[in-house]
Amino acid sequence: MAKGITKRSEDYSQWYLDVIAQAKLADHAPVRGCMVIRPNGYAIWERMQAELDRMFKESGHVNAYFPLFIPESYLKKEAEHVEGFAPECAMVTHGGGKKLEEPLVVRPTSETVVWSMYKDWIQSYRDLPLLINQWANVVRWEMRTRLFLRTMEFLWQEGHTAHATAEEAQEETLRILGIYKRFAEEFMAMPVLTGVKTEKERFAGAINTYAIEAMMQDKRALQAGTSHNLGQNFAKAFEVMFQSESGSREYVWATSWGVSTRLIGGLIMSHSDDNGLVVPPKLAPLQVVVVPIWKSDDEKSAVMQKIDGLTASWKDKFRYKIDDRDNYRPGWKFNEWEKQGVPIRIEMGPKDLESGEVVLVRRDTGEKERISQDRITEETETRLTAMQQSLFDTALALRENNTFEVDDYDELKERLNGEGGFFRVHWNGKRDSEDRLQAETKATIRVMNPDEPEEAGKCIVTGEPSKRRVVVAKAY
RNA sequence: CGGGGCGUAGCGCAGCCCGGUAGCGCAUCUGCUUUGGGAGCAGAGGGUCGUAGGUUCAAAUCCUAUCGCCCCGACCA
């Protein structure tokens, strides 16, 4: 049925690449590890941007733009930051035919250049908080890449905020985490766990990293967004101080946070099936496609006239398209839109003209229904809402049915290599047992939930006392 | 960086072992017939065979070098 798409059960990795190719989301670029985001993929990104941007602005943030090039010396100002990022930086050493006096780093993230400017912009507590976001591209020299999930260049948003107190910075870190969770769940229909990362997994230069973590269909984890509390690390590195209400000079408190085009990878691996892409209605660039069917020119004009009448009020209701191309046949169109993940298809032909109905098909269930033409708008709306909810419910059920509490190390190893999933295990909080866990299981601690009540137990690796469980999984 | 695979028409591939007119499917173009789940027939266009050397009367094919991409591992959003 679905030509050109490997079945998920045969080869999940290949399926993922096939879905992207068939839905025309992206292509490999001439340069290793880079991708061209095609119109279909970019349209999804634009939908994501629109919703996130709205949420950021509603919470008081404004957009700005900082440059692509960063002097190498800036990157070096924060010790942990440079250690974390230097190995994966692209450097510009020549320009205008001459060797540069100081190499320029192509930004892997913008904390350093942002804070070099904040130094000038922040003098007083009255300048705080400073809540800036930017939409940009960044480059990280990755060893191994996968379309959307890990590319050498990717698009993202990065928020950089400055605050007068530690408490405010922590509030901001969690506020953004909440926005990310809401976006993932309400718009992407992708349920996420939230929590804090271990020291090992923490952003280079942060005092704490929070993340949203989703389970993909193959039960592996995907870190879908991060929100960092940077403490005063960057303020100290760039000497950003402000005068407080009481007149004292203090270092500014900072956060940074980001989500990237990786979200598109997460979207694909949350909902799509063996017939191709499935996009939740709220993010679908195209929510409804109407396929008219005809044999003769007379039939065509009658059908088209009817469709124009039925969809007359749709401009402000749905993102829709009437596919009246006459060089493709209906079956071809059905398949084409299915691969591209359009949530609702409506078929309308001579038979429907007679019966006063249309055929409505939901992409996620494949269910075909005959709907009265009088109710077409309401029924379409209902189906879109139902599909959005159903995608979320299915994804949540997958996670819940594949999250387990395990207390025996051998059992954990076996199950990680078997059916997989999220495993809630006790951990003593020490770096060396975390390293051992990763070395021996290929899985990592994804997230810790600090709000969870304490529970006495034994570290799954060492048997030492542990106060709480953490989530362990194989990750992308 | 280690392991594996692949570079031949827009895409997917065959041809290479055994050197001798560069092929097939899909897509594209034209015409007719078609149109409710990937249409049929007829015709047409499209390639310096990744690149550079070498061997030879003759190289997609043999030899050498080199570049690139994909997949699987170690590192990362």
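Scroll up for the structure.
First things first, this report covers the structure right here in the doc. (Residues numbered from 1 in each chain as written. Chains lettered and ligands numbered in written order. Predicted model: local features only at pLDDT ≥ 70, side-chain atom pairs only at ≥ 80, totals over all residues. Heavy atoms only, no water.)

## Some remarks on the overall build of chain A
Link 1 in the chain: Within chain A, the secondary structure is distributed over 14 helices and 25 strands.
Link 2 in the chain: The C-alpha radius of gyration computed for chain A amounts to 25 Å, which stays within 12% of the reference 23 Å derived for 476 residues, consistent with globular compactness.
Link 3 in the chain: Here the C-alpha coordinates of chain A stretch approximately 80 × 55 × 50 Å along the principal axes.
Link 4 in the chain: A buried classification covers 52% of the 476 residues belonging to chain A.
Link 5 in the chain: Residue pairs at least 24 apart in sequence account for 69% of intrachain contacts in chain A once pairs closer than 6 positions are excluded.
Link 6 in the chain: Looking at chain A as shown, the accessible area adds up to about 21,600 Å², and 48% of this sits on carbon and sulfur atoms.
Link 7 in the chain: One way to put it: in chain A the 65 positive side-chain charges average out to a point 3 Å from where the 75 negative ones average out. (Helix = DSSP H or I, 4+ residues; strand = E, 2+ residues; numbered from the N terminus. Rg over C-alpha atoms; globule rule 2.2 N^0.38 Å. Buried < 20%, exposed > 50% of the residue type's maximum accessible area, 1.4 Å probe, protein only. Contact = heavy atoms within 4.5 Å. Areas by Shrake-Rupley, 256 points an atom, 1.4 Å probe, with all protein chains shown as cover. Lys, Arg positive; Asp, Glu negative; His and termini not counted. Charge placed at Lys NZ, Arg CZ, Asp CG, Glu CD.)

## Structural notes on helix α10 (residues 330-339)
Link 1 in the chain: For α10, the complete set of buried residues consists of K333, F334, E336, W337, E338 and K339.
Link 2 in the chain: Just downstream of α10, G341 is the residue with a positive phi angle, here 80°.

## A short note on the packing of aromatic side chains
Link 1 in the chain: Going through the model one piece at a time under the given rule, you end up with 16 aromatic pairs.
Link 2 in the chain: When the centroid spacing of 5.6 Å and the interplanar angle of 35° are considered together, the rings of F404 and F423 count as tilted. Residue F404 is located in strand β20 (residues 403-405), and its partner F423 is located in strand β21 (residues 422-426); the two are separated by 19 residues in the primary sequence. Neither F404 nor F423 differs from the other in exposure class; each is buried.
Link 3 in the chain: Ring-pair connections join several aromatic residues into one group, and the members of that group are W45, F56, W135, Y180 and W257. (Phe/Tyr/Trp six-rings, centres within 6.5 Å; stacked < 30°, edge-to-face > 60°.)

## Quick word on the packing of helix α1 (residues 12-22) against helix α8 (residues 262-271)
Link 1 in the chain: Axis separation between α1 and α8 bottoms out at 11 Å; the angle between their running directions is 110°. By the angle between their directions, the pair α1 and α8 is classed as roughly perpendicular. Once α1 is placed against α8, the crossing between them reads as right-handed. Of α8, the residues touching α1 (which contributes Y12, W15, Y16, V19 and I20) are G265, I268 and M269. (Axes fitted to C-alpha atoms, helices over the stretch in contact; angles between N-to-C directions. Parallel < 35°, antiparallel > 145°, perpendicular 65-115°, else oblique. Left-handed = near helix turned anticlockwise from the far one by under 90°.)

## A word on empty space enclosed by the protein
Link 1 in the chain: According to the stated counting rule, one finds three cavities of 30 Å³ or more in the structure shown.
Link 2 in the chain: Each pocket or cavity is described by its volume, and for the largest cavity that value is around 60 Å³.
Link 3 in the chain: In terms of lining, the largest cavity is formed by V289, F334, W337, E338, V342, P343, I344, R345, V361, R362 and R363.
Link 4 in the chain: Secondary-structure elements contributing two or more residues to the lining of the largest cavity are α10, β17 (344-348) and β18 (357-362).
Link 5 in the chain: For the lining of the largest cavity, the element with the most residues is α10, which contributes three residues.
Link 6 in the chain: When the residues that make up the lining of the largest cavity are grouped by side-chain class, the tally is seven nonpolar, no polar and four charged. (1 Å grid on protein atoms, 1.4 Å probe; cavity = no way out; pocket = protein on both sides within 12 Å on 5 of 7 lines; lining within 4 Å. Points joined across faces, edges and corners; volume = space filled by probe spheres on them. Nonpolar A, V, L, I, M, F, W, Y, C, P; charged D, E, K, R; others polar.)

## Remarks on the layout of surface pockets
Link 1 in the chain: Considered as a void within the structure, the largest pocket measures approximately 1,400 Å³ in volume.
Link 2 in the chain: Taken together, 48 residues form the lining of the largest pocket, with F85, R140, E201, F203 and Q223 sitting closest to its centre.
Link 3 in the chain: The set of elements that each furnish at least two residues to the lining of the largest pocket consists of α4 (79-85), β8 (153-163), β11 (221-231), β14 (253-260), α14 (431-441) and β22 (444-448).
Link 4 in the chain: Taken together, the residues that form the lining of the largest pocket break down as 15 nonpolar, 16 polar and 17 charged.

## Brief notes about the nonpolar core
Link 1 in the chain: By size, the foremost hydrophobic cluster in this structure holds 67 residues, and its most contacted members are M48, F148, F183, I268 and L412.
Link 2 in the chain: Here the element with the most residues in this core is helix α6 (residues 166-187); it accounts for seven residues.
Link 3 in the chain: Excluding its chain neighbours within four sequence positions, the residues that come into contact with I268 are W15, Y16, V19, I20, L25, F148 and L277.
Link 4 in the chain: Counting 29 residues, the second-largest nonpolar core is a separate cluster that includes I70, Y118, L130 and L230. (Core = buried A, V, L, I, M, F, W, Y, C linked by side-chain atoms within 4.5 Å.)

## So, the sheet that holds strand β6 (residues 98-106)
Link 1 in the chain: Taken together, the three strands give an open sheet; going across it, the order is β4-β6-β5, and neighbouring strands pair in antiparallel fashion. On the outer flanks of this sheet lie β4 (69-71) and β5 (90-95), each paired with one strand and no other. Going from strand to strand, the sheet's axes swing by 45° on average, the running direction of each strand aside.
Link 2 in the chain: Two strands pair when backbone bridges link them, and β5 and β6 are joined in this way by five bridges, in the antiparallel orientation. Bridge pairing in β6 places M91 opposite V105. (Pairing = 2+ DSSP bridges.)

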